[in-house]
Protein chains: 2
Amino acid sequence: MNIGEASRASGVTQKMIRYYESIGLIAPVKRSANSYRVYTENDVHSLAFIRRARALGFSIEQIQKLMALWHDKGRTSAEVKALAQTHVAALDVKIAEMTAMRQTLQHLVACCQGNDRPDCPILDDLAAAPDGKTVQSATA
Amino acid sequence: MNIGEASRASGVTQKMIRYYESIGLIAPVKRSANSYRVYTENDVHSLAFIRRARALGFSIEQIQKLMALWHDKGRTSAEVKALAQTHVAALDVKIAEMTAMRQTLQHLVACCQGNDRPDCPILDDLAAAPDGKTVQSATA
DNA sequence: ATGGGGCTTCCCATGATGGGAGGGTCAATA
DNA sequence: TATTGACCCTCCCATCATGGGAAGCCCCAT
């Protein structure tokens, strides 16, 4: 099948398919006489694998490792699990960062009257003297 | 003061200070005879404002608006609050996305034996038949 | 005058993705 | 058969905020 059909079947855009090929995430597929890329069901399967891994937030680099493990019959599930756990930990860090931001900001929002007057604790905090602690706590 | 001192005083890297100037987030500062940038306490204050806003996850574009409001004596706190609330909502969306990823992945991790055998529910899920629902639920 | 540190500009890279131009190909239809 | 519309190709550029580094000027202290 051509790239359009492979895209529809896998849920990966044509742009992405070509990109994945260019960076070596997937091997270059065969070309027909007109130089069109030709995909097999197997290729579509791999693309869908990538799409699902991306949906879980894995980076391309991690997906490269996941696919290697996937194709490695001699793999151990411990290897896969370790990779996944690393990613869970990274997600935890990011979630914690964003949650801290959200909390700090939400607190400021709650303190803000939101009326026609210019007084605003949000701006006050952002413009705070160097010793202010509110925002720093969100970053630390 | 020169850019190095301004950087130390504001907590914004020299690279970033020049970048902020280049994109118009801050106005170009005066130059000394040797074409060195010269900063005032006021400039440092603005840079620290930007740093704090970035630490709360505001985009450059949003910070541009925040600074305009900051300098606008005729602003209403309602405007600032609205901007902040928009950002809180965006954070909520991202946190929810990542939390969903984390949960799906953590579930798979918990199902994985993590031993010397190759059987792995994590890979099984990623390679799932097109009707599989696990990952889709993390994206939806 | 020499060395080291600070400043300048300019270019490139990141990660994953989208947009678009410019051009070739194919299949169906008028 | 000629045209049209859908498909495909490659190549370049843009995003967003940031870092790295090169090449070169400037200043101060030794």
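Residues numbered from 1 in each chain as written. Chains lettered and ligands numbered in written order. Predicted model: local features only at pLDDT ≥ 70, side-chain atom pairs only at ≥ 80, totals over all residues. Heavy atoms only, no water.

Draft legend 1. Geometry of helix α2 (residues 14–22) of chain A. Residue and element names in this part refer to chain A. Listed in full, the buried residues belonging to α2 are Ile17, Tyr20 and Glu21. All buried residues of α2 project into a common sector of 100° when viewed along the axis, lining one side. Projecting away from the buried face of α2 at angles above 90 degrees are the exposed residues Lys15 and Ser22. Against the buried residues of α2 lie α1 (3–10), β1 (30–31), β2 (37–38), α3 (41–55) and α4 (60–71). (Buried < 20%, exposed > 50% of the residue type's maximum accessible area, 1.4 Å probe, protein only. Helix = DSSP H or I, 4+ residues; strand = E, 2+ residues; numbered from the N terminus. Arc of directions from axis to C-beta. Contact = heavy atoms within 4.5 Å.)

Draft legend 2. Fine view of the relation of the copies chain B and chain A. For the pair chain B and chain A, the best superposition has an RMSD of 0.1 Å and corresponds to a rotation of 180° with a translation of 0.0 Å parallel to the axis. Taken together, the rotation angle and the small translation identify this as a two-fold axis. Minimal C-alpha separation from the rotation axis in chain B is found for B:Ile95, amounting to 3.0 Å. By residue overlap, the copies meet face to face through one surface: 100% of the interface positions of chain B are interface positions in chain A. (Least-squares fit on C-alpha atoms with pLDDT ≥ 70 in both.)

Draft legend 3. Structural context of the interface of chain B and chain A. The interface is formed by 58 residues belonging to chain B together with 58 residues belonging to chain A. For the pairing of chain B and chain A, the buried interface totals around 4800 Å² over both sides, and the portion due to carbon and sulfur atoms is 71%. Among the residues of chain B in contact with chain A, B:Arg52, B:Leu56 and B:Leu126 are the three that bury the most area, contributing 15% of the side total. Our count for the contact surface shared by chain B and chain A stands at 2 salt bridges. The shortest N-O distance in the salt bridge between A:Arg102 and B:Asp92 comes to 2.7 Å. Here chain B is connected to chain A by 20 residue pairs in polar contact (both at pLDDT 80 or more). Those elements that provide at least two residues to the side of chain B that touches chain A are α3 (41–55), α4 (60–71), α5 (77–111), α6 (121–126) and α7 (134–139) of chain B. For the side of chain B that touches chain A, the element with the highest residue contribution is α5(B), accounting for 21 residues. (Buried area = accessible area lost by both parts, 1.4 Å probe. Salt bridge = Lys/Arg side-chain N within 4 Å of Asp/Glu carboxyl O. Polar contact = N/O pair within 3.5 Å; in protein donor to acceptor, adjacent residues only side chain to side chain.)

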